[in-house]
Amino acid sequence: MGRTNPTYRDALRAIEERWAAFRRALRRRDQPRFDRLFEYAREHADASGLMNHQNPLLPALLSIDIEQEARLDDHEERLVELEQRLSEPVGEQQQSSADGDTGGVE
């Protein structure tokens, strides 16, 4: 027998289709950002599907929040690293440059 309930991925696709007019009304620069939010939601579709929530938008929003938290964590780690490099005495910065340290740029 077939499934009687749509999968979470189907529900997410339907949500995205319902928001298509909103996406079209966004400025061009914001449309890729809108698309990225749904990519974030799809990243966690397995976990969201297991939840089988009555409103599939809620797990999608939480998935988006999780991905944005991960991005914030990455930015904070990078900021700490850059602040540490800037707080090094000038002699140590020159020494690490002489040792071939590219500063993370390759």
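Parameters at a glance
Residue positions are counted from 1 within each chain, in the order its sequence is given. In view of the model being predicted, local features appear only for residues whose pLDDT reaches at least 70, and side-chain atom pairs are presented and counted only at 80 or more, with totals across whole chains, interfaces and linings using the full set of residues. With hydrogens and water stripped out, all remaining heavy atoms of the structure feed into the side-chain values. A run of H or I in DSSP counts as a helix once it spans at least four residues, and a run of E counts as a strand once it spans at least two, with each numbered from the N terminus. By definition, residues are in contact when any of their heavy atoms lie within 4.5 Å. Only residues above 30% relative accessible area that lack a salt bridge enter a patch, with like-charged residues linked at up to 9 Å and the nonpolar side chains Val, Leu, Ile, Met, Phe, Trp and Tyr linked at up to 5 Å. Each accessible area is a Shrake-Rupley estimate made with a 1.4 Å probe; only the visible protein chains count as cover when residues are assessed. By salt bridge we mean one thing: a side-chain nitrogen of Lys or Arg within 4 Å of a carboxyl oxygen of Asp or Glu. For the charge count, each Lys or Arg is scored as positive and each Asp or Glu as negative, with His and the chain ends excluded. For this purpose, a charge sits on NZ of Lys, CZ of Arg, CG of Asp or CD of Glu. Between the rings of Phe, Tyr and Trp (Trp by its six-membered ring), a pair exists once the centres lie within 6.5 Å; its type follows the angle of the planes, with under 30 degrees stacked, over 60 edge-to-face, and the other angles tilted. Only protein chains enter the area calculation, which uses a 1.4 Å probe; residues under 20% of their type maximum are buried, those over 50% are exposed, and those in between are partly exposed. Note on geometry: axes are C-alpha line fits, over the in-contact stretch for helices, and angles between N-to-C directions span 0 to 180 degrees. The labels follow the angle: roughly parallel below 35 degrees, roughly antiparallel above 145, roughly perpendicular from 65 to 115, and oblique for the rest. A score from 0 to 100, pLDDT tells how confident the predictor is in each residue. By nonpolar core we mean a set of buried residues, namely Ala, Val, Leu, Ile, Met, Phe, Trp, Tyr and Cys, connected to one another through side-chain atoms within 4.5 Å. Here a helix's expected span is defined as the number of its residues, less one, multiplied by 1.5 Å.

## Observations concerning the environment of Glu 67
Next, step 1: Tracing the chain through its elements places Glu 67 in helix H5 (residues 57–87).
Next, step 2: Spatially, the C-alpha atom of Glu 67 lies 9.1 Å from that of His 44, the residues being 23 residues apart in sequence.
Next, step 3: Beyond its immediate chain neighbours, meaning those up to four positions away, Glu 67 contacts Tyr 40, Glu 43 and His 44.

## Thoughts on a negative patch on the surface
Next, step 1: Together, Asp 65, Glu 69, Asp 73, Asp 74, Glu 76 and Glu 77 give the surface a local cluster of negative charge.
Next, step 2: Inspection of the secondary structure assignment puts Glu 69 in helix H5.

## Some details on the packing of aromatic side chains
Next, step 1: Applying the stated criterion across every chain yields a total of three aromatic pairs.
Next, step 2: For the ring pair Trp 19 and Phe 22, a centre distance of 5.3 Å and an interplane angle of 85 degrees mean the geometry is edge-to-face.
Next, step 3: Assessed through its relative accessible area of 37%, Trp 19 is described here as partly exposed.
Next, step 4: Ring centres of Phe 34 and Phe 38 lie 5.2 Å apart, and the angle between their planes is 50 degrees; this geometry places the pair in the tilted category. Of this pair, Phe 34 and Phe 38 both sit in helix H3 (residues 31–43), four residues apart, which is roughly one turn of that helix. Judged on exposure class, the residue Phe 34 and its partner Phe 38 are both buried.
Next, step 5: These aromatic residues form a ring-pair network of at least three members: Trp 19, Phe 22, Phe 34 and Phe 38.

## What about the packing of H3 against H5?
The relative placement of two packed helices is expressed as an angle between their axes plus a distance between the axes.
Next, step 1: Their axes nearest at 8 Å, the elements H3 and H5 cross at an angle of 100 degrees. By the criterion of interaxial angle, the relationship of H3 to H5 is roughly perpendicular. Contact residues: H3 offers Arg 36, Leu 37, Tyr 40, Ala 41 and Glu 43, while H5 offers Ala 60, Ser 63, Ile 64, Glu 67, Gln 68 and Arg 71.

## Some details on the confidence of the model for the protein
If pLDDT is low for a region, its predicted coordinates should not be looked at in detail.
Next, step 1: Mean pLDDT for the protein: 89, with 82% of residues reaching 70 or above.
Next, step 2: The least confident element of the protein, judged by mean pLDDT, is helix H6 (residues 90–98) at 66; the most confident is helix H2 (residues 20–25) at 98.

## With respect to the nonpolar core
Next, step 1: Ranked by size, the top nonpolar core spans 10 residues in total: Tyr 8, Leu 12, Ile 15, Phe 34, Phe 38, Tyr 40, Ala 41, Ala 45, Ala 60 and Ile 64.
Next, step 2: Those elements that provide at least two residues to this core are helix H1 (8–18), H3 and H5.
Next, step 3: In contact with Tyr 8, other than residues within four places in its own chain, are Ala 45, Ser 48, Gly 49, Pro 56, Pro 59 and Ala 60.

## Topic: H5
Next, step 1: Compared with the 45 Å implied by 1.5 Å per residue over 31 residues, the 45 Å span of H5 between its first and last C-alpha is a close match.
Next, step 2: For H5, every residue scored as buried is listed here: Pro 59, Ala 60, Ser 63 and Ile 64.
Next, step 3: Of the surrounding elements, those touching the buried residues of H5 are H1, H3 and helix H4 (45–51).

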